[in-house]
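Spelled out, the chains give:
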Amino acid sequence: MRILNREELSDILYGCAILGTGGGGDIKEGFQYIDEALSAGKEFKLISIDDVPDGEYLCTPYLLGAISPLSTEEEKKYSYLAKSNEMPMMTAFKRLKAYSGHNYYGTICCELGGANTAISFYLAAMTDCYIIDADPAGRAVPEITHSTYYFNDLPAAPIIATNEFGECFICENIIDDMRAETVVRALSKVSRNNISAIDHALPVEVLKGAVIEGTISKALAIGKALRIAKAQNTDLAEVIAENGGGYVAFKGAVSDFNFETTGGFTLGNIYIAGSDEHQGNTYHISVKNENMVSRLNGEVDVTIPDLICCIDLDKGEPISNPHYKLDMNVAVIILPAAKEFTTERGLKAFGPAYVGLDAPYKPAISNIK
C-alpha cells in the first residue's frame, strides 16, 4: 500500500490529463475533489488489485456527459430545480451500499482523466476505502463500451446514477455495457449533461484480469516527469513522449477550432499550423469528447485507440477539450494504446470504424523510426 501525498496526487492528475487525450474532465475540477478530501483529513491509499483480499467488493465511480458548456436556453430548463446539498457521487455511493447490501473495499477509476480519476479517488478517500492501481481503459474514452469490462462481458448493473439535483436512478437488469451506455447517457442528457454514476460493483475475483493494471502508477510517472521538466526548463513534449513510450507528432499554433454538444457528446475540430520543423504543414484533430483521429496535411495520421495528446507549450499544461484559444502554442504527442484495445474486440469497439474510417488500424508507434 502507498499513501499518496499532495504532490503525488498532483502528478497523477497531470499524468491522467495527458493520457486523457482531451477528455476525462477538467483537471481544475479534479483538484477541487482532491483538496476537499485532504482538508477533511482523509488519506488516499493506493494498492494493487492483487493485494485486495478475496471476497471483497470493488466499484467503479465516474462522471458521464458532454464536456462543453450548455447554452443559455438549455440552462433555463433547469432553473426551477434546487441543487442538492450533498455531492452527487456520495449520494450514489450511499444508495449503492443500501441497495446491494455490500461494503466496498475500494474503487477503480473508469478511465484516466483530470476529473474522472479524481472523483474515484475522492470517493475512496471520503469513505476510507482503497484506490486500485488499475482502470479499464488506460486513457479517457467517450462511451461505457470502450472498456476492458465490456471486452470481458462483465455486468455493469446495478448502476446507480445521481445528478446535482439529488435525483437518484437505480438501473437494474441492464443486459450489457452497450445498453448501459444508452441508458446512462440518456440520464445525463436530462441532468445538465453531467451525471455521477457507479457501476461494475463486483467481487475482486471477477475483476482481476479484466482491468489494465498499473495505470495509476503510469500516470504518476508521466506527471512527475512533466513537473521535473517544467522545473528544469527542458522540452516538455519530448519528455512526455519518452516517458509514455511515444513520439512528438507535431508542433504549431492553433489556427482554428470549433466545438458543439450533440447527443450528449462534445464534438469538435482543432486545426494547427505548423512551426519550426513543421512549418508549412497543417494538423487537424477530430474530437468526440476525446481526440479521436488526426490528419497531417489532410491525410489520416493517427487514429484511436492510440492516444493523441495535446500540450500547451507556453503554460506547460495538458489541454482538455474544449479549452483552446487561437494562436495557442501546442505540441501533439502520440502514445501507444493499451494492448487490450488492440485485440479484435477492442478494435471493433474503439478502432478506426468508430470514427467512420473504412481502414484497418495501423499502430502509430511503429512509425517512429
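The rules we used
- Residues numbered from 1 in each chain as written.
- Predicted model: local features only at pLDDT ≥ 70, side-chain atom pairs only at ≥ 80, totals over all residues.
- Heavy atoms only, no water.
- Core = buried A, V, L, I, M, F, W, Y, C linked by side-chain atoms within 4.5 Å.
- Buried < 20%, exposed > 50% of the residue type's maximum accessible area, 1.4 Å probe, protein only.
- Helix = DSSP H or I, 4+ residues; strand = E, 2+ residues; numbered from the N terminus.
- Contact = heavy atoms within 4.5 Å.
- Patch = residues over 30% accessible without salt bridge, like charges linked within 9 Å, V, L, I, M, F, W, Y side chains within 5 Å.
- Areas by Shrake-Rupley, 256 points an atom, 1.4 Å probe, with all protein chains shown as cover.
- Salt bridge = Lys/Arg side-chain N within 4 Å of Asp/Glu carboxyl O.
- Lys, Arg positive; Asp, Glu negative; His and termini not counted.
- Charge placed at Lys NZ, Arg CZ, Asp CG, Glu CD.
- Pairing = 2+ DSSP bridges.

Draft legend 1. Region of the structure containing the nonpolar core. In terms of nonpolar packing, the biggest core is built from 60 residues, with F44, F121, I198 and I333 touching the most fellow members. With eight residues, the top contributor of residues to this core is helix α1 (residues 6-19). The residues touching I333, leaving out its near neighbours within four places in the chain, are A237, I240, A241, Y247, V248, L307, I308, C309 and I311. A249, I270, V287 and I334 belong to the second-largest nonpolar core, a separate cluster that totals 19 residues.

Draft legend 2. A look at a negative patch on the surface. Taken together, the side chains of E238, E242, D276 and E277 define an acidic patch exposed on the protein surface. For E277, the location among the structural elements is in the loop between β12 (265-274) and β13 (282-288). Take E277: its relative accessible area is 59%, and that puts it in the exposed class.

Draft legend 3. Region of interest: the sheet that holds strand β14 (residues 290-296). The strand order across the open sheet formed by eight strands is β15-β14-β13-β12-β11-β18-β16-β17, and the pairing between neighbours is antiparallel. The sheet terminates laterally at β15 (299-303) and β17 (317-318), the two strands that pair on one side only. Looking at chain direction, β13 and β14 are connected through six bridges and run antiparallel. Looking at β14, one finds that S286 is bridged to V293.

None of this, on its own, says anything about what the molecule does.
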